[in-house]
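Listed here are the chains, written in short residue letters.
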Amino acid sequence: MSKDIEKEKQLAAKEAVKFINDYRVVGLGTGSTADYAIREIGDMVKNGLNIQAVPTSNKTKLLAQSFNIPLVDINTVDSIDITIDGADAFTEDLILIKGGGGALLKEKVVASIAKEVIIIVDSSKKASLAGKFKVPVEVIPFASRYVLNQIHLINGIGNIRLSGDQPFITEHCNFIVDVDFGRIDDLDFLSYKLNSIEGIVAHGLFIKLASKVIMGENDSTVAFKVK
Ligand code: A5P
């Protein structure tokens, strides 16, 4: 049976929004799966749900506004109750790779502030070996050559992401470097090393941030929680 990936994304989104309650500050993720959740939240707001939302990208902000979801400036709140976001890959111990859409910086800030981080994915995102994925890294353009050299020293091959024949530019006017580390055995150490390189603003390894991953699989959902 061929999988209906869009249906799986939608099922995961429908399940995740059940965790949103009234009077909460809600983070809104970025990407095609998060978009399904935003649509659901839009319906809930229409039916009386009273929340304030923090979008993780301009694209998400516009979508939320189109559904009249009330937005709040992140710097006016001390915490976010729950955020719902997608991922490019996840492992069963809830390590995520994010940044395929280039919105990882705000996504990581929101996930760090949020008390509950629910990740919604289709079944193609489940990874048995985290190491086979490229890790997106947001880099200030001024430091890009230095960062590529430093990444090389820790056995990564980095390429500046392109949009056409020009570098892809993030909302924060930075580059994304997609890094192939081959097989990664110690993700914690890699995260630490990347955080130590000046010029890297954020990287797409999300470790100990997700509270739960809800994966759509065929006609139902499976939840993976912190053990
Ligand atoms: C955005 O920068 C990413 O972190 C997304 O969350 C990720 O790419 C998932 O996107 P999809 O839901 O479109 O697969």
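See above for the structure.
Structural notes, computed from the coordinates.

About the criteria used
Residues numbered from 1 in each chain as written. Predicted model: local features only at pLDDT ≥ 70, side-chain atom pairs only at ≥ 80, totals over all residues. Heavy atoms only, no water. Axes fitted to C-alpha atoms, helices over the stretch in contact; angles between N-to-C directions. Helix = DSSP H or I, 4+ residues; strand = E, 2+ residues; numbered from the N terminus. Parallel < 35°, antiparallel > 145°, perpendicular 65-115°, else oblique. Left-handed = near helix turned anticlockwise from the far one by under 90°. Contact = heavy atoms within 4.5 Å. Pairing = 2+ DSSP bridges. Near = heavy atom within 4 Å. Polar contact = N/O pair within 3.5 Å; in protein donor to acceptor, adjacent residues only side chain to side chain. Areas by Shrake-Rupley, 256 points an atom, 1.4 Å probe, with all protein chains shown as cover. Nonpolar A, V, L, I, M, F, W, Y, C, P; charged D, E, K, R; others polar. Core = buried A, V, L, I, M, F, W, Y, C linked by side-chain atoms within 4.5 Å. Buried < 20%, exposed > 50% of the residue type's maximum accessible area, 1.4 Å probe, protein only.

Our next topic: the packing of helix H1 (residues 5-16) against helix H2 (residues 32-46). Across the interface, H1 lies against H2 with an axial gap of 8 Å and an inter-helix angle of 50°. One way to sum up the angle between H1 and H2 is to call them oblique. In this structure, the crossing between H1 and H2 has a hand that is right-handed. Counted together, Glu6, Lys9, Gln10, Ala13 and Lys14 of H1 and Ser32, Thr33, Tyr36, Ala37 and Glu40 of H2 form the full contact between these two elements.

Moving on, we get to unusual backbone geometry. The phi dihedral of Asn155 falls on the positive side, at around 70°, and the residue is not glycine. With a phi close to 65°, Cys173 is a non-glycine residue in the positive phi region. Relative to the assigned elements, Cys173 resides in the loop between strand E10 (166-167) and strand E11 (175-180).

The subject of this paragraph is the sheet that holds strand E15 (residues 220-225). Spatially, E2-E1-E3-E6-E14-E15 is the arrangement adopted by the six strands of the open sheet, whose pairing is mixed. Because the sheet does not close on itself, it has two edges, and the strands there are strand E2 (51-55) and E15. Ignoring which end each strand starts from, the neighbouring axes of this sheet average 20° apart. Here strand E1 (residues 24-28) pairs with E2 via five bridges, running parallel. Along E2, the bridge assignment pairs Arg24 with Ile51. Against the sheet, H1 engages strand E3 (80-85), strand E6 (114-122), strand E14 (212-217) and E15, with an angle of about 155° to E6.

Around the ligand, 17 residues are found, and the nearest of them are Ser32, Thr33, Asp88, Glu107 and Lys125. A distance of 3.3 Å is found between an oxygen atom of the ligand and a backbone nitrogen or oxygen belonging to Gly101. Note that an oxygen atom of the ligand is positioned 2.9 Å from one of the backbone N or O atoms of Ala103. About the coverage of the ligand: the protein hides 90% of its 380 Å² of free accessible area. Counting residues per element, the ones that place at least two in the shell around the ligand are H2 and helix H4 (104-113). Looking at the shell around the ligand, its residues break down into three nonpolar, nine polar and five charged.

As a rule of thumb, soluble globular proteins bury nonpolar side chains together. In terms of nonpolar packing, the biggest core is built from 23 residues, with Ile20, Ile41, Ile51, Ile69, Ile84 and Ile120 touching the most fellow members. Breaking this core down by element, the ones donating at least two residues are H1, E1, H2, E2, helix H3 (58-66), E3 and E6. When residues of this core are assigned to their parent elements, the largest contribution, five residues, is made by H2. Those residues in contact with Ile84, other than ones at most four positions away along the chain, are Ala16, Val17, Ile20, Gly27, Leu28, Gly29, Ala34, Ala37, Ile118 and Ile120.

By secondary structure assignment, the location of Leu190 is in helix H6 (residues 187-195). Taking the C-alpha atoms as reference points, Leu190 and Ile154, separated by 36 residues in sequence, lie 8.4 Å from one another.

Turning our eyes to something else, we now look at the environment of His172. Mapped onto the fold, His172 is located in the loop between E10 and E11. A sequence separation of 87 residues divides His172 from Asp85, and the C-alpha atoms of the two residues are 19 Å apart. Apart from the residues within four sequence positions on either side, His172 is in contact with Leu105, Lys106 and Glu138.

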